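Topology and contacts: notes
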Amino acid sequence: MKVTKGKLKGVFIFEPTIHGDDRGYFLESYNKKTFKSLTGLDVDFVQDNQSRSKKGALRALHFQKGEHAQAKLVRVLNGKVLDVFVDIRPESETFGQWEAHELSSENQKQIFVPRGFAHGFATLSESVDFFYKCDNYYNKESEGGIFYADEDLNIDWQLNDISPIISEKDLALPSFKSFKEEINN
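These remarks concern the structure in this document. Numbering of residues begins from 1 in every chain and follows the order in which that chain's sequence is written. Since the coordinates come from a predicted model, pLDDT governs what is reported: local features require at least 70, and pairs of side-chain atoms require 80 or more to be given and counted, while whole-chain, interface and lining totals use all residues. Note: side-chain values were computed over all heavy atoms of the structure, leaving out hydrogens and water.

Re the overall build of the protein chain
What counts as a helix is a DSSP run of H or I of at least four residues, what counts as a strand is a run of E of at least two, and both are numbered from the N terminus. Assigned secondary structure in the protein chain consists of 3 helices and 13 strands. Seen along its three principal axes, the alpha-carbon backbone of the protein chain occupies a region of about 55 × 40 × 30 Å. With a 1.4 Å probe rolled over the protein chains alone, any residue whose accessible area is under 20% of its type maximum counts as buried; one over 50% counts as exposed, and the rest are partly exposed. Burial status across the protein chain gives 47% buried among its 185 residues. Summarising the internal contacts of the protein chain: among those between residues at least 6 apart in sequence, 79% fall at separations of at least 24. Only four residue types enter the charge count, namely Lys and Arg as positive and Asp and Glu as negative; His and the chain termini do not. By convention, charge coordinates are those of NZ in Lys, CZ in Arg, CG in Asp, or CD in Glu. Of the side chains in the protein chain, 24 bear a positive and 29 a negative charge, and the two mean positions are spaced by 4 Å. Contact between two residues is taken to exist if any of their heavy atoms lie within 4.5 Å; hydrogens are not considered.

Below, the structure is given as structure tokens:
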């Protein structure tokens, strides 16, 4: 497995070794010992989640606050997404910066998104099955988010001429400016 650091501190991109033949392929998607040796992190994943989305679906910039913050190891099982994450750690030198990577069933890449990031993705294929491991349990009272089309962040979701399909909940998320004001109070 090959691992590289993302441009934002604490982010890692994994490219598994794929063993293929006439039958198909095999890959190891996660191994705790390998993960620790490649990243130096001892992460205890406690929850797996999976979603299915259709083309143009945009799952906005979500996060868990405080003691319920979550690190995630994300991947695509079928299809293709633009995976986006924003550093929302006020003490970080990359606070307010975002990074994006294409994840697909073809490239089999995975991304480790540490705690303190807002995370979302846009579906670029006809459909996508998205899978992620979390190091903390979901807590409804601790959820937060940032509006996907925030002018200060100016994220290119690469949907081009496709009108994004967005939930009412995600359309009502606050701006990054409002988020900054909330954490400063």
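A short note on the sheet that holds strand β6 (residues 58-64)
At least two DSSP bridges between two strands are required for those strands to pair. The 5 strands are arranged β9-β8-β11-β6-β13 in an open sheet whose pairing can be described as antiparallel. Strand pairing shows two members of the sheet lacking a second neighbour, β9 (98-104) and β13 (143-146), which therefore form its edges. Shown here is a sheet whose adjacent strand axes are inclined to one another by a mean of 25°, direction ignored. Note that β6 and β13 share 4 bridges and pair antiparallel. By the bridge assignment for β13, glutamine 64 is matched with glutamate 143. The axes used here are C-alpha line fits, helices contributing only the stretch in contact, and every angle between their N-to-C directions lies in the interval 0 to 180 degrees.

Remarks on the environment of serine 53
Position of serine 53 among the secondary structure elements: in strand β5 (residues 47-54). Between the C-alpha atom of serine 53 and that of serine 104, which follows or precedes it by 51 residues, the distance is 13 Å. Once residues lying within four places of it in the same chain are set aside, the contact partners of serine 53 are Arg59, Phe121, Thr123, Ser127 and Val128. Residues adjacent in sequence count toward polar contacts only when both atoms are side-chain atoms; beyond that, a polar contact is any pair of N or O atoms within 3.5 Å, and within protein one must be able to donate a hydrogen and the other to accept it. A polar contact is formed between the side chain of serine 53 and the side chain of arginine 59, at a distance of 2.8 Å.

A closer look at the pairing of strand β10 (residues 110-113)
The two faces of the sheet receive side chains in turn, since in a regular strand these alternate between them. Burial along β10 is two-sided: Gln110 and Phe112 facing one way and Ile111 and Val113 facing the other are all buried. Note: strand β2 (residues 12-15) against β10, 3 bridges, orientation antiparallel. The residue bridging phenylalanine 14 from the neighbouring strand is glutamine 110, located in β10. As judged from the 4 bridges shared by strand β7 (residues 72-78) and β10, these two strands associate in the antiparallel manner. Bridging across to β10, valine 74 finds its partner in isoleucine 111.

What to know about helix α1 (residues 32-39)
Residue asparagine 31 occupies the N-cap position of α1, its side-chain oxygen lying 2.9 Å from the main-chain nitrogen of lysine 33. Positive backbone phi, at 80°, marks glycine 40, one or two positions downstream of α1.

A short note on the side chain of serine 104
Along the chain, the position of serine 104 falls in strand β9. At 3.2 Å, the side chain of serine 104 and the backbone nitrogen of glutamate 106 are in polar contact. In this structure, serine 104 is in contact with Val76, Gly79, Lys80 and Lys109, ignoring residues within four places of it in sequence.

Some remarks on the sheet that holds strand β12 (residues 127-134)
One open sheet accounts for 6 strands, arranged β1-β2-β10-β7-β12-β5; its pairing is antiparallel. Two strands lie at the open edges of the sheet, namely β1 (2-5) and β5, each paired on one side alone. Adjacent strand axes in the sheet meet at a mean angle of 20°, parallel and antiparallel pairs treated alike. Most of the contacts of α1 go to β2, to which it runs at about 130°, and overall it touches β1, β2, β7 and β10.

So far we have only geometry, and geometry alone does not tell us how the molecule works.
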